[in-house]
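Commentary on secondary and tertiary structure
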Amino acid sequence: MAEPTPTPENVSVTIDGMTLSVPKGTRLLDACAQAGVSISHYCYHPGLSAPAQCRMCLVEVEKSPKLVASCVGTVADGMVVHTQSENALKAREGVLEFYLVNHPLDCPVCDQAGECKLQDYVSAEGPPMGRSKEPKRVLGRDDFGGDVMFYADRCVMCTRCVRFMREVAQDERLTTVQRGSRTVIDTFYDEGLTGNIWADNIVDLCPVGALVSKDFLHKARAWDLDRTPSVCPNCSMGCNVRLETRDNQVMRLKPRPNPEVNAHWMCDFGRLNYSWMNRVDRIEAPLVRDGGRHVPMSWADTLTRLADALRGAAGGARAVVSPFEGNEGIGALRRVLEAVGGGDGVFRCEQGEEVILPGFPELALRRDRAANVVGAELFGFARTGGADGKGGLEQAAAHTGVLFVLGDELADAPADFGANASLFVYVGQHLAPAARNAHFVLPATTFAEMEGTFTNIQRRVQRFWPAQRAPGMARPSWQILGVLLAGISEAGAPGTAADAFAGLGAVRAEFGQLSWAELGAQGAVLPGVRELQETGD
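Since the model is a prediction, treat every value here as computed from it, not as a measurement. (Residues numbered from 1 in each chain as written. Predicted model: local features only at pLDDT ≥ 70, side-chain atom pairs only at ≥ 80, totals over all residues. Heavy atoms only, no water.)

Things to note about the overall build of the chain
What counts, and what does not: Helix numbering and strand numbering both begin at the N terminus, where a helix is a DSSP run of H or I of at least 4 residues and a strand a DSSP run of E of at least 2. Residue contacts follow a heavy-atom distance rule, with two residues in contact if any of their heavy atoms lie within 4.5 Å. Here, Shrake-Rupley sampling with a 1.4 Å probe gives the accessible areas, and only protein chains in the shown set may cover a residue. The sign given to each residue is positive for Lys and Arg and negative for Asp and Glu; His and the chain ends receive no count. Here the site of a charge means atom NZ of a Lys, CZ of an Arg, CG of an Asp or CD of a Glu.
A tally of helices and strands in the chain yields 15 helices and 26 strands. Its C-alpha atoms give the chain principal-axis dimensions of about 85 × 60 × 40 Å. Residue pairs at least 24 apart in sequence account for 62% of intrachain contacts in the chain once pairs closer than 6 positions are excluded. If you sum the accessible surface of the chain, you get close to 23800 Å²; carbon and sulfur atoms cover 50% of it. For the chain, the distance from the average position of its 53 positive side-chain charges to the average position of its 65 negative side-chain charges is 3 Å.

Below you can see the structure in the form of structure tokens.
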């Protein structure tokens, strides 16, 4: 029998007049956050060691002979902390004045403007004007390799970037050189950041715009971006991310903290592989084949005709799905296949080398370069094709019954793909030559244009939200297939993604154990076989 986990000892601390109880050993900075008090800081980051070198987080503690760095100081029972005392405010104002001695006032052209911690802290606590009359230090910029550009003038020497490469990436490619006011961050001789797929995390860590992304450089201002919580679709890890958009275009991906999946980090492969979300060659209306051409039609007429055609279909059913589709769309297709008599299904997925993040080995660029491989397998679809994500469609191409394709662009399929099928239904985003043989072409949204879930390699089901407007009459695949299912069976049509998720329990009992509401922003793990047996499902 396992011993019970001891309850952590709590202590009482008073912060700016508010008394609260926190676990013993809590950082002062974290305790202040629990009290609703945000403390300025540069060098501290929850995913890194704390060197207490920026001196921005100084607070006054009663009975302490000097100000305390709250990023390394811990609470003690009965401690009384003042974050807004005259001494604390004066100290932080002085530190900011030193930072401004050499920092260029180039905010109008700096990519960090709008999300710069130097801007924020000076606005909140800085001096009304600097007293320095000396010329500012000029250091210029340096290409660090990979996607990273370094503007040395802006650096406040917090060393987050150096510590990330040393402690988390464990690939020490950055260091500090020179001394005093001439200290700068630099790479080693002839060796930059090129080749390290975790390097762009230092751009996220930089609080002041000294390290910027070449991909995002001068592309958009931070205050023009809309930010939507989502899941990275580019491997089966399912890193939690934000899709940052402007004018309905994805501008960049940023990691979103989830201690169970990706902590604070993500790889450059996932971060920079987003241009496909902005493709404009989309199918915008339902198309029904009429002789040798496709005719645009309303959704109601299209799905009514398709339901009538499925009721009289013979020859069995077969399907090809994309592992970039959400659980709701793939699960709905499985239910449609069962309603028309059952049938086999396959998916194709590009594969590559798995690269683990040494400092947080739970996170890796996974071998499968698609988000929902586990979901496709759970719903009974088998892997086919090569590691390049191509081939393996011979049986589907020769099928003479009902053929469904969901999300797979069929870019490598021959032009006569599906020509033998008695009924060929294509649900997707792009009309490749092979899809032109379809009797019904149904425009579907990408994951970035709808709400839904992926299941990652840990069997964690995670939600994503719509960040872009769908083109034309495109609809989520779960809605298209859910309405079609209602037309050929007794099932009700889903009105929301939550309804579609609730329907997954009819296909896989594991999903029936999860509720849409409890998934939250960080997801939940599917119960295992043993847990299902214990619940009787």
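Things to note about the domain arrangement of the chain
Many analyses report the size of an interface as the accessible area lost when the parts associate. To keep it simple, the criterion reads: Domain start and stop points were drawn from an automatic or database domain assignment. Defined here as a combined quantity, buried area equals the accessible surface (1.4 Å probe) lost by two parts on assembly, summed across both. By salt bridge we mean one thing: a side-chain nitrogen of Lys or Arg within 4 Å of a carboxyl oxygen of Asp or Glu. Polar contacts, as counted here, are pairs of nitrogen or oxygen atoms within 3.5 Å of one another; within protein the pair requires one atom able to donate a hydrogen and one able to accept it, and residues that are adjacent in sequence qualify only if both atoms are side-chain atoms.
Split into domains, the chain comes out as domain 1 (11-95), domain 2 (104-117 + 131-224) and domain 3 (287-525). Centre-to-centre, using C-alpha coordinates, domain 1 lies 27 Å away from domain 2. Summing the contributions of domain 1 and of domain 2, the shared interface buries around 890 Å²; its carbon and sulfur component is 53%. Among the residues domain 1 hides against domain 2, the three largest losses belong to Y42, L48 and Q53. Together they make up 61% of the total. At the boundary of domain 1 and domain 2, one finds 0 salt bridges. Remark: the boundary between domain 1 and domain 2 carries 7 residue pairs in polar contact (both at pLDDT 80 or more).

Quick notes on the sheet that holds strand β10 (residues 211-213)
The strands that make up a sheet pair up through hydrogen bonds in the backbone, lying either parallel or antiparallel. Our working definition: Note on pairing: DSSP must find at least two bridges between two strands before they are called paired. Axis lines are fitted through C-alpha atoms, for helices just across the contact stretch, and the angle between N-to-C directions can take any value from 0 to 180 degrees.
Ordered by their spatial adjacency, 3 strands build an open sheet running β6-β7-β10, and the pairing between neighbours is antiparallel. Whereas interior strands pair on both sides, the edge strands pair on one side only; in this sheet they are β6 (141-145) and β10. Pairs of neighbouring strands in the sheet enclose a mean axial angle of 30 degrees, with direction left out of account.

Here we look at the packing of helix α2 (residues 86-102) against helix α3 (residues 117-125)
As a reminder, the rule being used: Oblique is the label for any angle not covered by the other classes, which are roughly parallel (under 35 degrees), roughly antiparallel (over 145) and roughly perpendicular (65 to 115). The crossing is said to be left-handed when, going from far helix to near helix, the turn is anticlockwise and less than a right angle, and right-handed when the turn is clockwise. Gly falls in the polar group here, along with every residue not listed as nonpolar (Ala, Val, Leu, Ile, Met, Phe, Trp, Tyr, Cys, Pro) or charged (Asp, Glu, Lys, Arg).
Close contact between α2 and α3 brings their axes to 10 Å; oriented N to C, the two are set at 135 degrees. If you check the angle between α2 and α3, you find them oblique. For α2 against α3, the interelement crossing comes out left-handed. Residue-level contacts link L89, R92, E93, L96, Y99 and L100 of α2 to L118, Y121, V122 and E125 of α3. By residue class, the composition of the contact of α2 with α3 is 7 nonpolar, no polar and 3 charged.

Regarding the UniProt feature "domain: 4Fe-4S Mo/W bis-MGD-type" (unreviewed entry) in the chain
Threshold: UniProt positions are given in the numbering used here, feature names are shortened, and annotations may be inferred rather than shown by experiment.
Mapped onto the present numbering, the UniProt feature "domain: 4Fe-4S Mo/W bis-MGD-type" (unreviewed entry) falls at residues 225-281. The straight-line gap between the two end C-alpha atoms of residues 225-281 is 24 Å; of that span, 9% is helix and 35% is strand.

Quick notes on the pattern of salt bridges
We count it as follows: Burial classification: accessible surface area is computed with a 1.4 Å probe over protein chains only, and a residue below 20% of its type maximum counts as buried, one above 50% as exposed, and the rest as partly exposed.
For the structure shown, the criterion picks out 29 salt bridges. A salt bridge links K254 to D204; the shortest N-O distance between them is 2.6 Å. You can see K254 sitting in strand β13 (residues 249-255) and its partner D204 sitting in helix α5 (residues 201-205), a full 50 residues away along the chain. The partner of R252 in a salt bridge is E244, and the shortest N-O contact between them spans 2.5 Å. Each member of the pair, R252 as well as E244, carries the same accessibility label: buried. Sharing partners across several salt bridges, the network here consists of E115, R227, R242, E244 and R252.

Considering the UniProt feature "domain: 4Fe-4S His(Cys)3-ligated-type" (unreviewed entry) in the chain
The feature "domain: 4Fe-4S His(Cys)3-ligated-type" (unreviewed entry), as given by UniProt, occupies residues 87-126 in the numbering adopted here. Secondary structure content for residues 87-126 is 62% helix and 0% strand, and the end C-alpha separation is 14 Å.

Quick word on the packing of helix α8 (residues 327-339) against helix α11 (residues 477-488)
Direction vectors running N to C along α8 and α11 enclose 20 degrees, while the axes themselves pass 8 Å from each other. Classified by the angle their axes make, α8 and α11 are roughly parallel. Two packed elements cross with a definite hand, and for α8 against α11 that hand is left-handed. Residues E328, G329, A332, L333, R335, V336 and A339 of α8 form the contact with α11, whose participating residues are S477, W478, L481, G482, L484, L485 and I488.

What to know about α11
Applied cut-off: One fewer than the residue count of a helix, multiplied by 1.5 Å, yields its expected span.
With 12 residues, α11 extends 17 Å from end C-alpha to end C-alpha; this agrees with the ideal 16 Å at 1.5 Å per step. Buried within α11 are the following residues: S477, W478, I480, L481, G482, L484, L485 and I488. Against the buried residues of α11 lie α7 (299-311), α8, β21 (402-406), β22 (423-428), β23 (440-443) and α12 (497-502).

Things to note about the side chain of N437
Considering the arrangement of structural elements, one finds N437 in the loop between β22 and β23. Residue class for N437 comes out buried when judged on its relative accessible area of 17%. Among the polar contacts listed, one links the side chain of N437 to the backbone oxygen of A415, at a separation of 2.6 Å. Aside from chain neighbours lying at most four places away, what touches N437 is R289, A415, D416, F417, G418, A419 and F424.

Here's the deal with the nonpolar core
Cut-off, in case you're wondering: For the purposes of this section, nonpolar cores are sets of buried Ala, Val, Leu, Ile, Met, Phe, Trp, Tyr and Cys residues that join through side-chain atoms within 4.5 Å.
Grouped together as the largest cluster of nonpolar side chains are 113 residues, with contacts concentrated most on Y42, F164, F381 and F404. With 6 residues, the top contributor of residues to this core is α11. Not counting the four nearest positions on each side in its chain, F164 is found in contact with L48, A169, Q170, W198, N201, I202, L205 and W265. Judged by nonpolar contacts, the second largest core, of 24 residues, contains L29, C32, V37 and Y44.

Examining unusual backbone geometry
Located in the positive-phi region is A52, a residue other than glycine, with phi close to 55 degrees. Along the chain, A52 falls in the loop between α1 (28-34) and β3 (58-61). Even without glycine at this site, L410 takes up a positive phi of about 60 degrees. Structurally, the position occupied by L410 is in the loop between β21 and β22. The buried category is assigned to L410, whose relative accessible area is 1%.

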